[in-house]
Each structure stands twice: as structure tokens, then as C-alpha cells.
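Below, each chain spelled out in residue letters.
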Amino acid sequence: MNRTMKPLFTLLFISILIISMVTACSGKAKNEPDNTVTQEEGVSKEKNEVTFENISGDIRGNKAPTQEQIDEVNSTLNDTYLGDVFEEVIPSDYSAYPVKGDVVLDVWMPANSNIPDMNNHLVQKQVEKLTGIKVNFITPPVGQEADAFTLMISSGELPDIIIDPGRYPGGFEAGVNDGAYLDLTDLMEEHAPNYTAWRNSDETRRKTTVTDDGRLLGFYGIAPYSEWIWFGTLIKQEALDKTGLPIPTTIDEWYEFLKKSKEVGYKAPLNYGSTYGQIFTGIINGAYGVWDWTFLDENGKVAWGPAQPKAKEYLATMQQWNKEGLLNRDWATADFNQRMASAISDDTAVMMDSPDTMWSYWKVQNDIDFVGALNPVLNKGDKSSTTYKNFKRTGTSAAITTQSKNVEAAMAWLDFNFSKKGWELINFGEYGTVHLVDEQGMPYYPENSYIYNDPDGQPVDVTLWKYRWHSWPNIRDEHHANPLISAKGSYSGDIRKNWTENMDTSMAMPPITFTKDEASREAELGNQLSTLRGEYFAKIIMGELPVDAYDKFLKEAQSMGLDEFISLHQAALDRYNQR
């Protein structure tokens, strides 16, 4: 946002806020009320209740529903067959639907290569039918999202809703402060009752969806639980069999395992890095306390991983492993496709990746079994640890812009995702062809689901986007609805659960936010430090610089403003803790 645009957005922001408040006060009548109910914490106003015939007896446990039953589930808001399967009850406020009139919203969202035309997505068609709100998705070509976003913001012509609003320079909050996005604080309770109830039903969800000064910027994806750790070290079972060694736990054991793997035929046993940053995964470097970026030290204060005392030990280890050919030679440049090609070759024994991804590439497509290993430690008996932690905020976020022509409808469209019907539809797709409902009222994918048996022959890592939403501003039920986890025979979830339950995450940073003044400085320093770290660490590991070059790196980082960078994060953490 350039400075000349700010007054325009500010005026628009004030005007639209006034209009939306007047609209909100002038008429809330939606469906004809049957009763007046609801005194849920955080949602204290009277509402119209929409009641339905209880059809749970027909739907729960039904493995061959009739077309009439399928239509009842897919074409109405009736959710009486769904169970209360989490600690907190998912809200079921449908008083806003269907929205009256011909409402069409423009929604900008980043491209997804698995969805050729979002406007024809099956789930979206059902959402339109149930809410009465039509949506025109504006999606830039794959690979041009960043430029398209910049052009859109620069033009001053904004749609009603922007998915992934954090792309705004300085972040989501900066977009609100500059007048591009609406501050929804005073509108949320009335026009987003489901989101309000769900985010307030848990302290972590509440804390991670509000700013330091108590504002509600937009809609965040928030989960019923802290999702399992999704990334770690995975070993081909055949490599364990060929080497005759157990799953390694210490750095020394890993070294012996990789050397043995090379002896038995794996030319580059550890697939180590890539252009998307796996050199800094916290897996190997974490054993030395050299975490990827910021973390909480033993006193709960912010520290910077690359500046920790054992950094030279870590770099010396990786330089030695690289010199001995234990790593893939293209680790600094390989893209995703190159890494997967290497993964299924006879050269690779170990991947650092998601077990969901490798279940698809290794097991499903190539019948290669694998196991997960906890992050290594330096000393036998030490607690394995990681800075990956899910704070129940997950998926995607959404902002309503100050140019939205119908703020109330925009909020209603997003709020549907946080209702029980929205939870079912967004996570599990269409009833009948994609999912059924078990005896407890939990949706599931039967073996003949389109998820696993796509009529067009698409694999699961495509159908998980084709028939449902994998990342969205909604209640994301990853553990039950991710088909890569829930498929018959998949042990991806078991690996992720084991990692989560057996690794220390106390050093993980929560999702802090910066003030407007802090944000630009933090971004400037962060970019400089990231570039410096990447260049030095890569050259040292490749042997282009000696390990002692780390001393120069640290001095440069400090002269660059490392102390200021840490102080910005500490101030943000202090505010987060006070929320």
C-alpha cells in the first residue's frame, strides 16, 4: 500500500463501517423464528433458531443411503445426524441462511494447481446452495500469486474478501491499519455467531485469533485440537533391514546408520535439503540447540537459533557428512519434484518430510514401507525436541475488505465454515459419493469413496483438494478428514502422533504479531538475517568456507541488528502473553 492510497482506504473504511453498522441495526430478520434460544458464552444475543427433524436414525451407520437421504443431507442445513465428537461443541447457528436477495461476492484467493476452476468446485457449489450466497472466485495463474496480489492492492480495486490476507506488506494487521481490510471487532459477535462461539470456546483459540490490543481482524482457520507434528525424519524399512541397525536416536547413531546405508548401496542415503529450506528443519540442527529461527530459551525468553553456542559443532557435523557423500548432492537446489524422484530411487534411504506426503509417494505409488524417527539428540537418554507446535490455529485466514459491497453477507459466507454443517462439508465433502457418517455421527470416507476411487483416476494427493477443502478459513479436522491419514492401512497419523507425544515442544514460539512500526523493521532485519544465515551455513556445509567462518557470520549478524531483531520479538511475545 503506497502512502497516497492510505487516506482513500481510511475514508472507505470509516464509511463502510458506518454503513455496515446501520445495516446491522436496521434488520436482522432472517428465517422465520421457531423459538428464541442460545445463551452460549461469547454469543449472548437473542437469535432465531432453525429447527429440523431429527434424521440421525436414518443417516448414522447407514452404508447405503437412498437418493432421498443423500439429498436431505446435501441440500439442507439439517445437521441432526452429526455427533458432538470434540471436547467443545461445534456451533449450529444457521439463522442467517439462506441470505435473501441476489448476493454475489468477489473472493480473491491464491492459485492451487489441483483446482483448475475454483468457481466449479463441488464443495463451493454446495456452500452456495446452503447459504444462498454466490461467489465469484478471482484466482491468479499458478506462480503469479505474489505479483497478482501486489497489482491488486496497488490498483485500489479490492474484492469483497481476500483469502490469505497476510500477503499484505507488513502482514494482516498492517492491512487493517492502512484501511485495506475491515476491522471486524464490533461486527463479529452479531454477524459471525459460529466463528465467535468457536473461537471463544477454548483459550488457545481465543488467544491466537485476537490482536494484542483486542481487535478481531478477520477469520482464521482454527482446529478442534493441536494438530500433530507434520514434519520429521522418515526411514525406508528396507534400509533398516539391509543395515541391520535399529532406528537411530543420537547424532552418533545417525552417523553410523548413514555410513552403513551407503555401504549397502544407498549412494546418497540422507535426502537433506532443498530450495524450500529443509537445511533448517530443526531436525539435525535442533539436536545442537541451533534452532532454525526464534525460539523460547529455558527462561521463556526469545533467542535466535543460529546464534547458539553449539552452532559450529552442527556445521562441522554436516560438513563432514556432506564430504563423505552421506547427503544428496543437489540438496541446496533440488525442488519438490526432484526430491520425490530421488526419494523413490535406490539412492535414498532417509527423507526429511511429511509422512502424509511420503505415504502417497512411497507406500501408495511405490509400495515402499517406512518408519518415523524422533528428532536426534546428542546424548543417549536426552529428550527429543522440536520447535514445531500447533496452537490450534491452522489452515488459511480471510479478510473482508473495506470495499466489500455487502459486509454482512461476506461475514455470513465465512461464518458458515465454522458451523457444524460447514465442518462436515468443508472437511469431508459431499455426502454419499465422498463420505458417509458412522454410528457416533462422525463423517468418514468409505473404501469406495471418490477420495480413493476418483472417476477421473486422480491420486489421493489430488482428490483431497478436488472433493474437499484441505486448507481454508474453517474448523479444520485434519486428523479425521485428511485422507492421507485416514486411509485404510495408512500409518502416517501414527507417526505424527508419536512425534507429537514424544518430543518436547516447550521452546516453540506462539503466533505473535508486531505493531505497524515494528513490522517493517522486523521484516527488514529478518530478511537480512535469513539471507546471511542461508549463505554462510550452505557454504560451510558444502566446504566452500571453513567452519570457523561461523565466527564472522555471527559478528555480521550482530552488526546487522540481531539484538534489535530479538528485542522486537520479545516485545511481541510479552504482549501475546498478556492477551
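This write-up is about the structure you can find in this document. Predicted model, so just to flag it, every value in this text is computed and none were measured.

## Describing the environment of Gly381
Mapped onto the elements, Gly381 comes out in the loop between strand E12 (370–373) and strand E13 (393–400). For the pair Gly381 and Pro65, spaced 316 residues apart in sequence, the C-alpha separation works out to 53 Å.

## Observations regarding the side chain of Asn482
The topology assignment puts Asn482 in the loop between helix H18 (478–481) and helix H19 (483–486). A distance of 3.1 Å separates polar atoms of two side chains, one belonging to Asn482 and the other to Asp356. Residues in contact with Asn482, not counting those within four places in the same chain, are Asp356, Leu464, Arg468, His470, Asp477 and Arg496.

## Brief notes about the environment of Gln69
Here Gln69 shows up in helix H3 (residues 67–75). Taking the C-alpha atoms as reference, Gln69 lies 20 Å from Tyr467; in sequence the two are 398 residues apart. Not counting the four nearest positions on each side in its chain, Gln69 is found in contact with Asp58, Ile59, Asn62 and Tyr431. At 3.0 Å, the side chain of Gln69 forms a polar contact with the side chain of Asn62. Here Thr66 takes part through its backbone nitrogen, which lies 2.9 Å from a polar atom of the side chain of Gln69.

## What about the pairing of strand E4 (residues 133–138)?
The two faces of E4 differ: Ile133, Val135 and Phe137 on one face are buried, but Lys134, Asn136 and Ile138 on the other face are not. Judged from the six bridges that link them, strand E3 (residues 103–108) and E4 form a sheet pairing that is parallel. Across the sheet, the residue bridging to Val103 is Ile133, located in E4. Following the chain from E3 across helix H4 (residues 122–131) to the adjacent parallel E4, one finds a crossover that is right-handed.

## Some points on the sheet that holds strand E8 (residues 270–271)
Read across the sheet, four strands follow the order E8-E11-E7-E12 without closing on themselves; strand pairing throughout is mixed. In this open sheet, the two strands that pair with only one neighbour each are E8 and E12. Relative to E12, strand E7 (residues 232–236) runs antiparallel, the two sharing four bridges. Opposite Ile235, over in E12, you have Val371 as the bridge partner. Seen against the sheet, helix H13 (residues 336–343) touches E7, E8 and strand E11 (350–353) and runs at an angle of roughly 150° to E11. Sitting on the sheet, helix H20 (residues 492–502) is in contact with E7, E11 and E12, with an inclination near 10° to E12.

## Thoughts on the packing of H13 against helix H14 (residues 355–366)
Between two packed helices, what matters for the description is the angle formed by their axes and the separation of those axes. As a packed pair, H13 and H14 sit with axes 10 Å apart at the nearest point and diverge in direction by 55°. In terms of orientation, H13 and H14 fall into the oblique class. Note that H13 runs across H14; the crossing there is right-handed. Each of Phe336, Met340 and Ala343 in H13 lies in contact with H14, whose residues at this interface are Thr357, Met358, Tyr361 and Trp362. Classifying every residue of the contact of H13 with H14 by side-chain character gives six nonpolar, one polar and no charged.

## Some words on the nonpolar core
A general feature of soluble globular proteins is that nonpolar side chains tend to end up buried together. Ranked by internal contacts, the top residues of the largest apolar core, which has 102 residues, are Ile161, Phe219 and Trp413. Ranked by the residues each element gives to this core, the list is headed by helix H15 (residues 407–415), at seven residues. Leave out the neighbours within four places in its chain, and Trp413 touches Leu105, Val107, Gln124, Val127, Thr131, Ile133, Val135, Phe137, Ile161 and Trp472. Grouped together as the second largest cluster of nonpolar side chains are 59 residues, Ala239, Ile251, Trp304 and Ile566 included.

## With respect to the packing of aromatic side chains
In the structure shown here, the tally under the stated rule is 36 aromatic pairs. Geometrically, the ring pair formed by Tyr288 and Tyr314 is tilted, given 5.9 Å between the ring centres and 55° between the ring planes. Taken as a pair, Tyr288 in the loop between E8 and strand E9 (294–296) and Tyr314 in helix H12 (residues 311–323) lie far apart in primary sequence, 26 residues in all. Chaining the aromatic ring pairs together yields one cluster made of Trp293, Trp304, Tyr536, Phe537, Tyr550, Phe553 and Phe565. The ring of Trp198 has Arg205 sitting right over it, with the charged end atom 3.9 Å from the ring centre.

## Examining helix H23 (residues 562–578)
For H23, which comprises 17 residues, the first-to-last C-alpha distance of 25 Å matches the rise-based estimate of 24 Å (1.5 Å per residue) to within 8%. Summarising the contacts, the buried residues of H23 are in contact with helix H9 (203–207), E9, strand E10 (302–304), helix H21 (516–542) and helix H22 (549–560).

## Quick notes on the pattern of salt bridges
If you walk through the whole model with that rule in mind, you get 31 salt bridges. For the salt bridge of Arg215 with Glu173, the shortest nitrogen-to-oxygen distance reads 2.9 Å. Of this pair, Arg215 sits in the loop between H9 and strand E6 (219–222) while Glu173 sits in helix H6 (residues 172–177), placing them 42 residues apart in sequence. For the residue pair Arg215 and Glu173, the accessibility class agrees, reading buried in each case.

Basis of the calculations
Residues numbered from 1 in each chain as written. Predicted model: local features only at pLDDT ≥ 70, side-chain atom pairs only at ≥ 80, totals over all residues. Heavy atoms only, no water. Helix = DSSP H or I, 4+ residues; strand = E, 2+ residues; numbered from the N terminus. Polar contact = N/O pair within 3.5 Å; in protein donor to acceptor, adjacent residues only side chain to side chain. Contact = heavy atoms within 4.5 Å. Buried < 20%, exposed > 50% of the residue type's maximum accessible area, 1.4 Å probe, protein only. Pairing = 2+ DSSP bridges. Right-handed = clockwise from strand over helix to strand, strands pointing away. Axes fitted to C-alpha atoms, helices over the stretch in contact; angles between N-to-C directions. Parallel < 35°, antiparallel > 145°, perpendicular 65-115°, else oblique. Left-handed = near helix turned anticlockwise from the far one by under 90°. Nonpolar A, V, L, I, M, F, W, Y, C, P; charged D, E, K, R; others polar. Core = buried A, V, L, I, M, F, W, Y, C linked by side-chain atoms within 4.5 Å. Phe/Tyr/Trp six-rings, centres within 6.5 Å; stacked < 30°, edge-to-face > 60°. Lys NZ or Arg CZ within 6 Å of the ring centre and 35° of its normal. Expected span 1.5 Å × (residues − 1). Salt bridge = Lys/Arg side-chain N within 4 Å of Asp/Glu carboxyl O.

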